[in-house]
Amino acid sequence: MLSPRREARAGLAAGGTVGVLTLIAATTVGIGLTLGGRIIHTPTFVAVWLVVGVALSLLAARRARGRARRYVIGVDIDDDAFAPVPQILVRRDGARYELALAPGMSGIVEGGRAPLHIEALVREGRARLQLDAGTRAEITMTATTFVVRGRADVDVGAP
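Residues numbered from 1 in each chain as written. Predicted model: local features only at pLDDT ≥ 70, side-chain atom pairs only at ≥ 80, totals over all residues. Heavy atoms only, no water.

Student: Looking at this structure, I do not really get helix 2 (residues 42–68). What am I missing?
Tutor: The terminal C-alpha atoms of helix 2, which comprises 27 residues, lie 38 Å apart, in line with the 39 Å expected from a rise of 1.5 Å per residue. Inspection of helix 2 places Phe45, Gly53, Ser57, Ala60, Ala61, Ala64 and Ala68 among the buried residues, and these make up the whole buried set. As for helix 2, its buried residues are in contact with helix 1 (4–35) and strand 1 (70–74). (Helix = DSSP H or I, 4+ residues; strand = E, 2+ residues; numbered from the N terminus. Expected span 1.5 Å × (residues − 1). Buried < 20%, exposed > 50% of the residue type's maximum accessible area, 1.4 Å probe, protein only. Contact = heavy atoms within 4.5 Å.)

If you want it as structure tokens, here you go:
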């Protein structure tokens, strides 16, 4: 499930993990240098490791948030689901999510006044469709079928 809350959680988890690992690495190097009889300039040592830790934590958090804001299909091991054609199926654009449709897809999109046939939407090429609350799309690509639903922004953990 894609949500802004999960994006933030993924970013915090990745940034925190990298920060802790950088702290462990800096401590290990500092102890190793001290035990090896090396003299280190502590303010410089701490400043360098602090800059490295913050930079790596921010990079990890940014990449994790970016990955958590989309649902990727394809044949790579990193993809969320198998599909014969690699692409981003759902992604967040600002405050809304959009569904990416491509030639070769078939199915139906429900949620408006009348159901839309995906074949008609992709007749001219790729198309994007806003996923509003209550929208339901059933997409078939060869032997793979995906069902995508747009939900209102609610707290997932609430009873």
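Student: Which parts of the structure should I look at to understand a nonpolar patch on the surface?
Tutor: Together, Val48, Val52, Leu56 and Leu59 make up a nonpolar patch on the protein surface, roughly 320 Å² of accessible area in all. In this structure, Leu56 sits in helix 2. (Patch = residues over 30% accessible without salt bridge, like charges linked within 9 Å, V, L, I, M, F, W, Y side chains within 5 Å. Areas by Shrake-Rupley, 256 points an atom, 1.4 Å probe, with all protein chains shown as cover. Salt bridge = Lys/Arg side-chain N within 4 Å of Asp/Glu carboxyl O.)

Student: Please clarify how the sheet that holds strand 1 should be interpreted in this entry.
Tutor: One key point about sheets: their strands pair by backbone hydrogen bonds, in either a parallel or an antiparallel sense. The strand order 2-1-3-4-7 describes an open sheet built from five strands, whose pairing is mixed. Sheet topology places strand 2 (81–82) and strand 7 (127–131) at the edges, where each strand pairs with a single neighbour. Taken together, the two bridges between strand 1 and strand 2 define a ladder with parallel strand orientation. Bridge assignment links Ile73 to a residue of strand 2, and that residue is Ala81. (Pairing = 2+ DSSP bridges.)

Student: Quick question: what am I supposed to make of unusual backbone geometry here?
Tutor: For residues other than glycine, phi is negative in most cases, and the peptide bonds are mostly trans. You will see that Thr142, though not glycine, has its phi angle at about 50 degrees, which is positive. With respect to the helices and strands, Thr142 occurs in the loop between strand 8 (136–141) and strand 9 (144–149). Its relative accessible area of 68% is what places Thr142 among the exposed residues.

As far as function goes, none of this settles anything; it's purely spatial.
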